[in-house]
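Here is what each chain is made of, one letter per residue.
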Amino acid sequence: MDVEENDLISVTNKEESKVISIPTWALLIEHQNGKILFDTGRKDHELLKKELLKCNVVPEQIDTVVLSHLHFDHAGNIDLFKNATIYVQNKELEECINNGDKPYNRGAYVKNPMILHNKWKIIDGEYRLIEGVTLIPFYGHTKGLQGMLIELKHQNILVCSDACYTSRNLGPPIIHPGFLNDIENYDKNLEKIQKIKKAKNAWIMYGHDPEQFSELKKIPYYYE
């Protein structure tokens, strides 16, 4: 997806901002209790089905979809997963339905989420999904953004989504994105991310970091 660099990394002179390409993605977790998808990426049914098929998975086999938030580049394919229960923070769904078309949201929200899918699990705050997978609120980028802590056999991963776009935002020093509605909570989230990283000895998966994404394992390779 192409965006203005300033939207991710605030630059002193906006005229110096250039258009850059950033990754959008979905994360598949295969567990003995079922298949979980964290986010569904930007709307492209055929591409997502093609990628899942590399793991011998079809959309109908996904039991659970966790949405970090309801922006189009994270929730663009929710209508593809008819058999899944979708987990979303209550504050996020309310914001999408009640204020999604407000100018400050810049048209980023998906339209009519309750029509696109009819099986929702609405949660408030931290939530233990299954053993080793915990949903963590990072309210700030949106009213109800959530990330995920994945505790594996050999490593722990903190998926922070757009609570922190890139490693450059986290710093030090902290660099705010140009597109930011809530600076106070954004900074609190960065502190929270650092604390969880230290406490759980986790590595961080950022929301839209081109450099990190180029180094991540992609389907059919995996972390364990």
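Structural data are supplied above this passage.
The notes below deal with the structure included here.

## A closer look at the side chain of Thr40
Okay, so step 1: Among the structural elements, Thr40 can be located in the loop between β4 (34-38) and α2 (45-53).
Okay, so step 2: For Thr40, a relative accessible area of 1% gives the class buried.
Okay, so step 3: When neighbours within four sequence positions are excluded, Thr40 is seen to be in contact with Ala26, Leu48, Val65, Leu67, His74, Ala75, Gly76, Asn77, Ile78 and Phe81.

## Details of helix α3 (residues 90-99)
Okay, so step 1: Along α3, the residues that are buried comprise Glu92, Leu93, Glu95, Cys96 and Asn99.
Okay, so step 2: Where the residues of α3 are buried, they touch β6 (85-89), α4 (113-116) and β7 (120-123).

## A short note on the pattern of salt bridges
Okay, so step 1: Counted according to the given criterion, the structure contains eight salt bridges.
Okay, so step 2: Glu5 is the salt-bridge partner of Lys18, the closest N and O atoms lying 3.3 Å from each other. Of this pair, Lys18 sits in the loop between α1 (5-8) and β2 (19-21) while Glu5 sits in helix α1, and the two are 13 residues apart along the sequence.
Okay, so step 3: With a closest N to O distance of 3.4 Å, Glu184 and Lys188 form a salt bridge. With Glu184 and Lys188 both in helix α6 (residues 183-200) and four residues apart, the pair spans about one turn of that helix.

## Thoughts on the sheet that holds strand β3 (residues 27-31)
Okay, so step 1: Read across the open sheet, the five strands follow the order β3-β4-β5-β6-β7; overall the sheet is mixed. Two strands in the sheet have a free side with no partner beyond their single neighbour: β3 and β7. Adjacent strand axes in the sheet meet at a mean angle of 20° when their direction is disregarded.
Okay, so step 2: In the sheet, β3 pairs with β4 via five bridges, with the strands oriented antiparallel. If you follow Glu30 over to β4, its bridge partner there is Lys35.
Okay, so step 3: The strands that α3 touches are β6 and β7; relative to β6, the one it contacts most, it runs at about 90°.

What counts and how
- Residues numbered from 1 in each chain as written.
- Predicted model: local features only at pLDDT ≥ 70, side-chain atom pairs only at ≥ 80, totals over all residues.
- Heavy atoms only, no water.
- Helix = DSSP H or I, 4+ residues; strand = E, 2+ residues; numbered from the N terminus.
- Buried < 20%, exposed > 50% of the residue type's maximum accessible area, 1.4 Å probe, protein only.
- Contact = heavy atoms within 4.5 Å.
- Salt bridge = Lys/Arg side-chain N within 4 Å of Asp/Glu carboxyl O.
- Pairing = 2+ DSSP bridges.
- Axes fitted to C-alpha atoms, helices over the stretch in contact; angles between N-to-C directions.

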